[in-house]
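Secondary and tertiary structure notes
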Amino acid sequence: MTAPPSKTSPPGAAPPAGPMARIMAVTSGKGGVGKTMVSANLAAALARRGERVLVVDADLGLANLDVVLNLQPRATLHDVFTGKVPLENAIIEAPGGFHVLLAGSGLVEYSRLTPEVRDQLASVLQSVRPRYDRVLLDTGAGISDVVLYAVSLADEVLVIATPEPTALADAYATIKVLATQQGRSHMHVAVNQTQRLGEGRGVAQQLQTVIERFVQLPEGGTVRINYVGEIPSDPSVRQAVQRRQLLMLSYPGSSAALALVNLAGKLPATIQR
Ligand SMILES: Nc1ncnc2c1ncn2[C@@H]1O[C@H](COP(=O)(O)OP(=O)(O)O)[C@@H](O)[C@H]1O
Ligand SMILES: [Mg+2]
């Protein structure tokens, strides 16, 4: 499959005046549930729908988007943060018709939220915003300061859960913290690694039930979950990771890839549509 001609301008091009990208954080309670897999493949699916998409590797300490996409960036977010290179030099084209801003892994200094990290991340997002229709933040798992701060910079949140009880409990905890600390009243939920059709909707319903019982927004009222779909557990996902290729490109007909295409269609349209 070849990427369609995209309206994406080359990395570093001057920002056009006008609409701003919708920023969506992809997060989860538990690690290893598929945030990076979903971010990268969703970006490809959205690009195929004609959107200009940027994925920011916001899992600053444990970044691995570069591994999944088999990219060796000349410059990373770290180099931008430290003023070594201009932002434009760190934005690169990924296979799949979208752009990425990679973090580079093993940067322990980003495991803590310092005022510098706060300012730098916010200012990077401000600068990229006018150039894209959608910015996906591939965040870390859990409710650490860094993760919560990255999520706080997003307009909307996609929580990745799985049917596994521990992942479900952690997804609940994440939603609760985002509701109570950030006042988020609406969150998208996708259920990854499902074993049978319809399992995802059941998981989302379970989450909604527990949330209605135990989570109250600061201003009163409850959180509404917008269930955007399930992604089946599919051996093609692991095979794509092994080959270090994007699932959407290497196994476009696989059940997981088709589910991600479907998921892309469930997200709210970007501002200019
Ligand atoms: N739908 C799926 N089917 C099969 N394996 C999956 C699926 N989603 C994720 N995985 C496996 O889980 C691993 C971790 O996914 P990843 O996206 O890196 O998680 P996270 O970013 O949440 O830590 C992947 O490398 C892949 O092997
Ligand atoms: Mg990840």
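The rules behind each value
Residues numbered from 1 in each chain as written. Chains lettered and ligands numbered in written order. Predicted model: local features only at pLDDT ≥ 70, side-chain atom pairs only at ≥ 80, totals over all residues. Heavy atoms only, no water. Helix = DSSP H or I, 4+ residues; strand = E, 2+ residues; numbered from the N terminus. Rg over C-alpha atoms; globule rule 2.2 N^0.38 Å. Buried < 20%, exposed > 50% of the residue type's maximum accessible area, 1.4 Å probe, protein only. Areas by Shrake-Rupley, 256 points an atom, 1.4 Å probe, with all protein chains shown as cover. Lys, Arg positive; Asp, Glu negative; His and termini not counted. Charge placed at Lys NZ, Arg CZ, Asp CG, Glu CD. Near = heavy atom within 4 Å. Polar contact = N/O pair within 3.5 Å; in protein donor to acceptor, adjacent residues only side chain to side chain. Nonpolar A, V, L, I, M, F, W, Y, C, P; charged D, E, K, R; others polar. Expected span 1.5 Å × (residues − 1). Contact = heavy atoms within 4.5 Å. pLDDT = per-residue confidence, 0-100. Pairing = 2+ DSSP bridges. Axes fitted to C-alpha atoms, helices over the stretch in contact; angles between N-to-C directions. Salt bridge = Lys/Arg side-chain N within 4 Å of Asp/Glu carboxyl O. Arc of directions from axis to C-beta.

As named in an unreviewed UniProt entry, the protein chain is Cobyrinic acid ac-diamide synthase, taken from Leptothrix cholodnii.

In terms of helices and strands, the protein chain carries 11 helices and 8 strands. Relative to the 2.2 N^0.38 estimate, which gives 19 Å for 273 residues, the radius of gyration of the protein chain is 18 Å and therefore close to what a compact globule would have. A total of 273 residues make up the protein chain; the buried ones form 53% of that total. Approximately 11800 Å² of the protein chain is accessible, and the part contributed by carbon and sulfur atoms is 52%. Of the side chains in the protein chain, 25 bear a positive and 22 a negative charge, and the two mean positions are spaced by 5 Å.

Another point: the site of ligand 1. Near ligand 1, the surroundings consist of 15 residues, among which Gly-32, Lys-35, Thr-36, Met-37 and Asn-192 are the closest. Lys-35 places a polar side-chain atom, nitrogen or oxygen, 2.7 Å from an oxygen atom of ligand 1. Between ligand 1 and Pro-232 there is a distance of 3.0 Å, counted from a nitrogen atom to a backbone nitrogen or oxygen. Surface burial for ligand 1 is 84%, taken as the share of its 570 Å² of free accessible area covered by protein chains. Those elements that place two or more of their residues in the shell around ligand 1 are helix H1 (35-48), strand E7 (186-194), strand E8 (224-232) and helix H9 (235-243). The class makeup of the residues in the shell around ligand 1 is 6 nonpolar, 6 polar and 3 charged.

The next thing to look at is helix H8 (residues 199-214). Between the first and last C-alpha of H8 there are 23 Å, a value that for 16 residues agrees with the 22 Å anticipated at 1.5 Å per step. Where H8 is buried, its residues meet helix H7 (165-182), E7 and E8.

Per-residue confidence for the protein chain gives a mean pLDDT of 90; residues scoring 70 or more make up 90%. When the criterion is pLDDT under 50, residues 1-9 qualifies, and its contacts beyond four places in sequence or with other chains add up to 14 contacts.

What follows deals with the sheet that holds strand E3 (residues 91-94). Adjacent strands of a sheet pair through backbone hydrogen bonds, lying either parallel or antiparallel. Read from one edge of the open sheet, 8 strands run E3-E4-E2-E5-E1-E6-E7-E8, paired in mixed fashion. Two strands close off the open sheet at either side, each with one partner strand: E3 and E8. Each adjacent strand pair in this sheet contributes to an overall mean axis angle of 25°, direction not counted. Summarising the sheet, E3 and strand E4 (residues 98-101) pair through 4 bridges and their orientation is antiparallel. Its bridge partner lying in E4, Ile-92 is registered against Val-100. Packing against the sheet, H8 makes contact with E7 and E8, and its axis sits at approximately 155° to E8.

Turning our eyes to something else, we now look at the pattern of salt bridges. A pair can form between side chains of opposite charge whenever their charged atoms are brought close. Under the defined criterion, the tally for this structure stands at 9 salt bridges. Glu-51 is the partner of Arg-134 in a salt bridge, and the nearest nitrogen-oxygen pair spans 2.9 Å. Taken together, the positions of Arg-134 in strand E5 (residues 134-141) and Glu-51 in the loop between H1 and strand E2 (53-58) put the pair 83 residues apart, joining distant regions of the chain. For the pair Arg-134 and Glu-51, a shared accessibility class is recorded, and that class is buried. In this structure, Glu-88 and Arg-131 form a salt bridge, with 2.8 Å as the shortest nitrogen-oxygen distance. Of this pair, Glu-88 sits in helix H4 (residues 87-90) while Arg-131 sits in the loop between helix H5 (115-128) and E5; the two residues are 43 residues apart in sequence, bridging distant segments of the chain. Judged by its relative accessible area of 8%, Arg-131 is buried. One continuous salt-bridge network, built from bridges that share partners, spans Arg-22, Glu-51, Arg-134 and Glu-156.

Attention now goes to the environment of Gln-195. Following the sequence through the fold, Gln-195 ends up in the loop between E7 and H8. When its relative accessible area of 64% is taken as the criterion, Gln-195 is described as exposed. When the C-alpha positions of Gln-195 and Thr-162 are compared, they lie 9.9 Å apart, and in sequence the two are 33 residues distant.

Another point: H5. Taking 1.5 Å of rise per residue, 14 residues should cover 20 Å, and H5 covers 20 Å from first to last C-alpha, within 8% of that figure. Taken as a whole, H5 has its buried residues at Val-117, Leu-121, Val-124, Leu-125 and Val-128. On an axial view of H5, the arc spanned by its buried residues comes to 95°, and they lie on one face. For H5, the exposed residues lying more than 90 degrees away from the buried face are Pro-115, Glu-116 and Asp-119.

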